[in-house]
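Residues per chain are reported as follows:
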Amino acid sequence: MPVLRLILGDQLTRDVSSLGDIAPGDTVLMAEVRDEAGYANHHKKKLVFVFSAMRHFAESLRAEGISVDYIRITDDGNSGSLEGEVKRAISRNNADRVVVTEAGEWRLTNIMDGWQERLGLPVDIRADTRFLTSHEDFAAWAEGRKSLRMEFFYREARRRYGILMEGKDPAGGQWNYDQENRQPPKQGLTPPDPHRCEPDAITREVINDVSTLFGDHFGSIDDFHFAVTRDDALAVLDRFIHERLPNFGTWQDAMVQDQPWMYHAHIGLYLNAGLLQPMEAISKAEAAWRDGTAPLNAVEGFIRQIMGWREFVRGIYWMKMPEYAALNHLEATRPLPDFYWTGNTAMNCISQCVRETSDNAYAHHIQRLMVLGNFALLAGINPAEVNAWFLGVYADAYEWVELPNVSGMTLFADGGYLASKPYAASGAYINRMSNYCRSCRYKVSLKNGPDACPFNYLYWDFLDRNSETLSGNPRLGMPYRNLARMTPEKRQANQSDSQKLLNDPDGATTLAAE
Ligand code: DLZ
Ligand code: SF4
């Protein structure tokens, strides 16, 4: 009985559950389709990465002798949807059963749930076993807890998998070494160059297809250097472990003008597409600590991101969807300013982060959270528009990881389900953690007026505007006490400066162009 096994563009691993029992006579279907390329304004480099990695993965299956039915985005008759391509492939291959691993996003899972009925044959949707925590395990952990905190989830995972453990205790005696991490940048910091993979003939062809078909999508397609095979992704990981990991913790939150890569790993896109497995990244990092080539603060911080945060947000996403996508606790309604797409603003921090995002389909977590996300939070930008932006522009972004990070962590749109307080910050934070302010037209030391850093008055106006909703939050006690001490004139100035900036974001654009 020939089985059709569909592999999605972010399931590019030989260990994916849909291939588990593949037998001679079965066909693997992979399809590049307009619906998946177009449901967000995906960065051109993200499209190149996904399509090229898909084509390379198909080649690796064929090299094993597996029959692969591969539909390219340019193929005549391409229906434009995964459902349409499954339908066409069923009749082309005389399949009488479809096997697929559950989709990472609720949107597609919801469509796939109707396939059995609409396609009129059995559709076996299997669990995605590439994660360390199943949906059931997460739900069981969450059950009965008043609030869900990543730290406790992470400790359990460390114990369960025996990672960075010394018997029953965490390695070094602490679970978390963040007090040694997150240093402000020092002068002359020169991170190593990122690992580059030069495009081969397949990737060059994809670059051509994407330029032709998706030229209006966000971002630059020039200088594509991401890995598109598992071997190359492993080379990126190994280079990180040897060259960057030792400094990863210390400079984890630092931002330096014209240094987009810093000491970060840049492997999120490979983990999320299946080219790397979480446990191999975790094990290699732990081995570096045991071998004495990387310090515990760096290794623990890196492992926490993958074993803790990544799994935690996925658990929340699946527990809370589809309602989670519509949450807007702070009732934020302002449209996304155009400078998120163009980078044309006199706010140097934003302009830097948008330009790097446009060049690389990448920005590191503090650029995302404390610059781009923080502005959206302070300005009261509609979460749906902020989510759509983050989902499109980053090569690692899929909704399961993007939505909780943006709606929950960044915008407090879930009312504190994921984060205990909004991560709102004034210009002082950005000034401490970066050297952006030195090249900015605004002055971070000024609080009001045309030359003041907009993050300063926006911050206080944000707290003022949302005081009914937020002033009872115990973690915001101090800023609300400071706000209460401000004169009415000062509060008025914060409000009118904020209004001026937000009602005329082009003012910032004009200044940037001067
Ligand atoms: C992200 C993406 C893109 C851009 N294109 C495709 C595609 O053409 N075909 C495909 O199978 N998958 C693609 N993907 C990945 C899917 O969007 C991803 O599987 C879902 O969003 C679920 O995570
Ligand atoms: Fe950003 Fe304000 Fe610093 Fe300018 S002064 S770079 S706007 S934080």
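Just so it is clear, the structure is predicted and the values come from calculations on it, not from any experiment.

In the vicinity of ligand 2, the residues found are Met347, Cys349, Gly427, Ile430, Tyr436, Cys437, Cys440, Tyr442, Val444 and Cys453. A class-by-class count of the residues in the shell around ligand 2 yields 9 nonpolar, 1 polar and no charged.

Another aspect to go through is the domain arrangement of the protein chain. The domains assigned to the protein chain are domain 1 (3-126), domain 2 (135-195 + 229-320) and domain 3 (339-511). Here the C-alpha centroids of domain 1 and domain 3 sit 39 Å apart. Contacts between domain 1 and domain 3 engage 12 residues on the former and 15 residues on the latter. Applying the counting criterion to the domain 1 and domain 3 interface returns 0 salt bridges. Inspection of the region where domain 1 meets domain 3 yields 9 residue pairs in polar contact (both at pLDDT 80 or more). Among the elements that make up the side of domain 1 that touches domain 3, the one with the highest residue count is helix α2 (residues 44-63) (3 residues).

What follows deals with the packing of helix α15 (residues 365-379) against helix α16 (residues 383-393). For any two helices packed against each other, one specifies the crossing angle of their axes together with the interaxial distance. Contact geometry for α15 and α16: axes closest at 10 Å, N-to-C directions at 150°. As summarised for this structure, α15 and α16 are arranged roughly antiparallel, according to the angle between their axes. Along this stretch, α15 crosses α16, giving a crossing that reads as right-handed. Along its contact with α15, which presents Arg368, Leu372, Gly373 and Ala376, the element α16 presents Val386, Trp389 and Phe390.

Attention now moves to helix α11 (residues 278-290). For an α-helix, the turn length of 3.6 residues means that residues three or four places apart are oriented alike. Here α11 spans 19 Å end to end across 13 residues, near enough to the 18 Å set by a 1.5 Å rise per residue. Three or more residues of α11 are buried, namely Pro278, Glu280, Ala281, Ile282, Ala285, Glu286, Ala288 and Trp289. Each element contacted by the buried residues of α11 is listed here: β6 (165-166), α9 (230-248), α10 (268-273) and α12 (296-320). Following α11 by one or two positions, glycine 292 has its phi on the positive side, about 80°.

Below, the discussion takes up the packing of aromatic side chains. For the structure shown, the criterion picks out 27 aromatic pairs. The interplanar angle of 50° and the centroid separation of 5.6 Å between the aromatic rings of phenylalanine 138 and tryptophan 141 together place this pair among those described as tilted. In this pair, phenylalanine 138 and tryptophan 141 both sit in helix α6 (residues 135-142), 3 residues apart, roughly one turn of the helix. By relative accessible area, which is 8% here, tryptophan 141 ends up buried. Consider the rings of phenylalanine 240 and phenylalanine 302, whose centres lie 4.9 Å apart with planes at 40°: the pair is tilted. Taken together, the residues phenylalanine 240 in helix α9 and phenylalanine 302 in helix α12 connect sequence positions 62 residues apart. Per residue, the accessibility class of phenylalanine 240 equals that of phenylalanine 302, and both read buried. Through pairs of rings, three or more aromatic residues link up here, namely Phe218, Phe339, Tyr340, Trp341, Phe375, Trp389, Phe390, Tyr394 and Phe455. It is arginine 314 that lies over the ring of phenylalanine 131; its NZ or CZ is 3.7 Å from the centre.

A few words on unusual backbone geometry. Cis geometry is found at the peptide bond from methionine 321 to proline 322, where omega equals 5°. Secondary-structure assignment places proline 322 in the loop between α12 and α13 (339-342). Even without glycine at this site, asparagine 94 takes up a positive phi of about 50°. Here asparagine 94 is to be found in the loop between α3 (82-93) and β4 (97-101). Residue classification places asparagine 94 among the exposed residues on the basis of a relative accessible area of 61%. Positive phi values are uncommon outside glycine, yet glutamate 331 reaches one of about 50°.

Conventions we followed
Along each chain, the written sequence defines residue order, and numbers are assigned to residues from 1. As they are written, the chains are lettered A onward and the ligands numbered 1 onward, keeping that order. Note on the predicted model: pLDDT of at least 70 is required for a residue's local features to be given, and 80 or more for side-chain atom pairs to be given and counted; whole-chain, interface and lining totals, by contrast, use all residues. For side-chain calculations, the full set of non-hydrogen atoms in the structure is used, while hydrogens and water are omitted. When we say a residue is near a molecule or strand, we mean one of its heavy atoms is within 4 Å of it. Charged residues are taken to be Asp, Glu, Lys and Arg, nonpolar residues to be Ala, Val, Leu, Ile, Met, Phe, Trp, Tyr, Cys and Pro, and polar residues to be all remaining types, Gly included. Here the bounds of each domain stem from an automatic or database domain assignment. The criterion used for residue contact is that any of the two residues' heavy atoms lie within 4.5 Å. Each salt bridge in this description consists of a side-chain nitrogen of Lys or Arg and a carboxyl oxygen of Asp or Glu lying within 4 Å of one another. We call two N or O atoms a polar contact when they sit within 3.5 Å, provided that within protein one can donate a hydrogen and the other can accept it, with sequence-adjacent residues counted only if both atoms are side-chain atoms. Runs of E in the DSSP output that reach at least two residues are strands. Runs of H or I that reach at least four are helices, and both are numbered from the N terminus. To define axes, lines are fitted to C-alpha atoms, for helices over the stretch in contact only, and angles between the resulting N-to-C directions are given on a 0 to 180 degree scale. If an angle is under 35 degrees, it is roughly parallel; if it is over 145, roughly antiparallel; if it lies from 65 to 115, roughly perpendicular; otherwise it is oblique. It is the rotation of the near helix from the far one that decides the hand of a crossing: anticlockwise by less than a right angle makes it left-handed, clockwise makes it right-handed. Each helix should span, by expectation, one fewer than its residue count multiplied by 1.5 Å. When accessible area is computed with a 1.4 Å probe and restricted to protein chains, residues below 20% of their type maximum are described as buried, those above 50% as exposed, and intermediate ones as partly exposed. Only centres within 6.5 Å qualify two rings of Phe, Tyr or Trp (six-membered ring in Trp) as a pair; their planes then separate them into stacked at under 30 degrees, edge-to-face at over 60, and tilted for everything else. Comment: the charge-over-ring label is applied if NZ (Lys) or CZ (Arg) is within 6 Å of the ring centre and within 35 degrees of the ring normal.

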